[in-house]
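Close look at the chain arrangement
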Amino acid sequence: MNRLNGKVALVTGAAQGLGAAIAHRLAAEGASVIATDINASALNTTVATIGEPTIGLAHDVTSEDDWSRVLTTIGEHYGKLDILVNNAGIAVMGNIVDETPERWRHVHAIDVDSVFVGCRAALPLLEKSGSASIINVSSIAGVIAGHNAAAYNSAKAAVNHLSKSIALHCAKNANGVRCNSVLPAFIDTPILDDLAAAMPREAVLEKLARQIPLGRVGHPDDVAWAVVYLASDESAFVTGTEIRIDGGVSAQ
């Protein structure tokens, strides 16, 4: 319960799903958590559930001004940032013909541009930690493509490679910052609701589970525990890598 004592963590997209689970786990392990989301009302509910010392801040991850405001607040309150979890993202279905340029740009703005903007803006504060960790939440869809997820596949593949580039930059500059990504497969979160619209949700979960060697859809905590490991000093020699949390999908 004390793996992250004394550490300060920022988790984006923390109002629900993976972000909420990650914020819960980091706080339970002793971190002071700053949870952010564009959905301020839902975020307040999540923060109240986690309890102190977690705080919630409204945050549009596509906005450089919002990143500056959030990071300035963290700097003023804590003087450093030890853990940055870029979790905010959307999943949109569409093949190369049906996808529109507007939606393509929207998906990339949220799923990958925000990671670039956030990491770039947070580095000065992360460097003050002396032992900081960036964890970018990607997807197994960045490795295994689908015919009907052109924008999502592209954005998540970019997150994987961007994470490695950041890791190498930080290592070369010996600034004490590590960077890794986690790649979940199907996880039982609200992001599956769009898929469930055409059939009962349980039927969707059963259909997805049949594609996974372990025979089930993942739980949010399956991802959150991996984030705890990467956020902790236990992973001090781990950087520039990706942890696939996919029930064996990519091993086939």
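Residues numbered from 1 in each chain as written. Predicted model: local features only at pLDDT ≥ 70, side-chain atom pairs only at ≥ 80, totals over all residues. Heavy atoms only, no water.

**Thoughts on the overall build of the chain**
- Within the chain, the secondary structure is distributed over eight helices and seven strands.
- Rg of the C-alpha trace for the chain: 17 Å, near the compact-globule value of 18 Å for 252 residues, within the 12% margin.
- Expressed along its principal axes, the backbone C-alpha trace of the chain runs to roughly 50 × 35 × 35 Å.
- Counting over 252 residues, the chain shows a buried share of 50%.
- Total accessible area on the chain stands at roughly 11500 Å², and carbon and sulfur atoms take up 55% of it.
- Distance between charge centroids for the chain: 6 Å, based on 18 positive and 26 negative side chains. (Helix = DSSP H or I, 4+ residues; strand = E, 2+ residues; numbered from the N terminus. Rg over C-alpha atoms; globule rule 2.2 N^0.38 Å. Buried < 20%, exposed > 50% of the residue type's maximum accessible area, 1.4 Å probe, protein only. Areas by Shrake-Rupley, 256 points an atom, 1.4 Å probe, with all protein chains shown as cover. Lys, Arg positive; Asp, Glu negative; His and termini not counted. Charge placed at Lys NZ, Arg CZ, Asp CG, Glu CD.)

**What to know about the sheet that holds strand β2 (residues 32-37)**
- Spatially, the seven strands line up as an open sheet ordered β3-β2-β1-β4-β5-β6-β7, and their pairing is parallel. For this open sheet the edge positions go to β3 (55-58) and β7 (242-245), each flanked by a neighbour on one side alone. Adjacent strand axes in the sheet meet at a mean angle of 20° when their direction is disregarded.
- Pairing between strand β1 (residues 8-11) and strand β4 (residues 83-86): three bridges, direction parallel. Within β4, the position partnered with Ala9 by the bridge is Ile83.
- Strand contacts of helix α1 (residues 17-28): β1, β2, β4, β5 (132-137) and β6 (177-184), with the helix running at about 170° to β1, the strand carrying the most contacts.
- Against the sheet, helix α5 (residues 150-173) touches β5, β6 and β7, its axis set at about 160° to β6. (Pairing = 2+ DSSP bridges. Axes fitted to C-alpha atoms, helices over the stretch in contact; angles between N-to-C directions. Contact = heavy atoms within 4.5 Å.)

**Side note on the pairing of β2**
- Burial analysis of β2 places six of its six residues in the buried class, the great majority of the element.
- Across the two faces of β2 the burial is the same, with Ser32, Ile34 and Thr36 and Val33, Ala35 and Asp37 all buried.
- Across four bridges, β1 lies against β2 in parallel orientation. Bridging from a neighbouring strand, Ala9 pairs with Val33 of β2.
- Following the backbone out of β1, through α1 and into the adjacent parallel β2, one traces a crossover that is right-handed. (Right-handed = clockwise from strand over helix to strand, strands pointing away.)

**Concerning the packing of helix α4 (residues 101-127) against α5**
- Direction vectors running N to C along α4 and α5 enclose 15°, while the axes themselves pass 8 Å from each other. Classified by the angle their axes make, α4 and α5 are roughly parallel. Note on packing geometry: the crossing formed by α4 with α5 is right-handed. Residue-level inspection shows Trp104, Val107, His108, Asp111, Val112, Val115, Phe116, Cys119 and Leu123 of α4 in contact with α5, the latter providing Ala150, Ala151, Tyr152, Ser154, Ala155, Lys156, Ala158, Val159, Leu162, Ile166, His169 and Cys170.
- Residue classes in the contact of α4 with α5 are distributed as 16 nonpolar, three polar and two charged. (Parallel < 35°, antiparallel > 145°, perpendicular 65-115°, else oblique. Left-handed = near helix turned anticlockwise from the far one by under 90°. Nonpolar A, V, L, I, M, F, W, Y, C, P; charged D, E, K, R; others polar.)

**Digging into the pairing of β3**
- Sheet topology places β2 next to β3; four bridges connect them, and they run parallel. Residue pairing across strands places Ala35 opposite Gly56, the latter belonging to β3.
- Taking the sense of rotation as the criterion, the β-α-β connection linking β2, helix α2 (residues 40-50) and β3 turns out right-handed.

**Some details on the side chain of Ser181**
- Relative to the assigned elements, Ser181 resides in strand β6.
- Setting aside chain neighbours within four positions, we find Ser181 in contact with Asn136, Ser138, Asn160, Ser163, Thr241, Glu242 and Ile243.

**Structural notes on helix α7 (residues 201-209)**
- For α7, every residue scored as buried is listed here: Val204, Leu205, Leu208 and Ala209. Buried positions in α7, seen along its axis, are confined to an arc of 130° and lie on one side of it. (Arc of directions from axis to C-beta.)

The values are spatial; any link to function lies outside them.
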